[in-house]
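A look at the structure
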Amino acid sequence: MPDDLLEVAKLGRTIGLKGAVKIFDRSDFPSQFKKGAKFYLRNGEILEILSFSGANFSAIFKNYESVEAAANLTNQILYRSKEDTRKFCKLQKGEFFYFDIIGLEIYEDGAVLGRVRDISQIGSGYLFEVETDESLISQTLPKEFFIPYVDAYVKEISLSERKIFTQNARAILENS
């Protein structure tokens, strides 16, 4: 089982008589749930979708084609490797995977403000949860702060440099 697994869905109750299981998508890529797609369970077992219904967002998995067998999948979490995520989930221009953003350093005017610890979805927008750089904490600034992922604050994300370049983010930090 790969070490770099990402949680993509939670399985719910069975639906109907053929072993279909409700899927609660926890990703931004519902298109990855289709016939032939493979996912991991926590125990390392690989589940393959035999059929998928977009109408009620449910799937029948190989070797779980009865209600009794499928009931064993209730409340299980589906995982996918980062490699498979990159392969099967296509990004639009200017989009990034969460796992590529987490850990990037935040820079403003040449100075490091901190590092992205997490990303939260707030309504239709996103906030970067930033762990403040130690040099700024020693100046009595907060240990963490949030930067809205909007153009007014985020100028550029450079995956190759592992940096996010911001404007006006220092003011957020200082007023947090």
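Fair warning: this is a prediction, and the values are worked out from it, not measured in the lab.

As for the sheet that holds strand 10 (residues 144-148)
The sheet built from six strands is open, its strands ordered 10-9-8-7-12-11 with mixed pairing. Bordering the open sheet on either side are strand 10 and strand 11 (154-158), each of which pairs with just one other strand. When strand polarity is set aside, the average angle formed by the axes of neighbouring strands in this sheet is 35 degrees. Both strand 11 and strand 12 (residues 163-166) contribute to a ladder of four bridges, which runs antiparallel. Following the sheet pairing, E156 is matched in strand 12 by F165.

Focus on the pattern of salt bridges
Oppositely charged side chains can pair when the atoms bearing their charge come close. One pass over the full model with this rule turns up six salt bridges. Taking the shortest distance from any N to any O, the salt bridge between R26 and E7 comes out at 2.2 Å. Of this pair, R26 sits in the loop between strand 2 (20-25) and strand 3 (38-40) while E7 sits in strand 1 (residues 5-15); the two residues are 19 residues apart in sequence, bridging distant segments of the chain. Assessed through its relative accessible area of 36%, E7 is described here as partly exposed. Close ionic contact of R170 with E174 constitutes a salt bridge, the shortest N to O distance being 2.7 Å. Taken together, the residues span about one helical turn, with R170 and E174 both in helix 5 (residues 169-174) at a distance of four residues. By relative accessible area, which is 44% here, E174 ends up partly exposed. By sharing partners, the salt bridges in this structure join R117, E129 and E144 into a single network.

Definitions and cut-offs
- Residues numbered from 1 in each chain as written.
- Predicted model: local features only at pLDDT ≥ 70, side-chain atom pairs only at ≥ 80, totals over all residues.
- Heavy atoms only, no water.
- Pairing = 2+ DSSP bridges.
- Helix = DSSP H or I, 4+ residues; strand = E, 2+ residues; numbered from the N terminus.
- Axes fitted to C-alpha atoms, helices over the stretch in contact; angles between N-to-C directions.
- Salt bridge = Lys/Arg side-chain N within 4 Å of Asp/Glu carboxyl O.
- Buried < 20%, exposed > 50% of the residue type's maximum accessible area, 1.4 Å probe, protein only.

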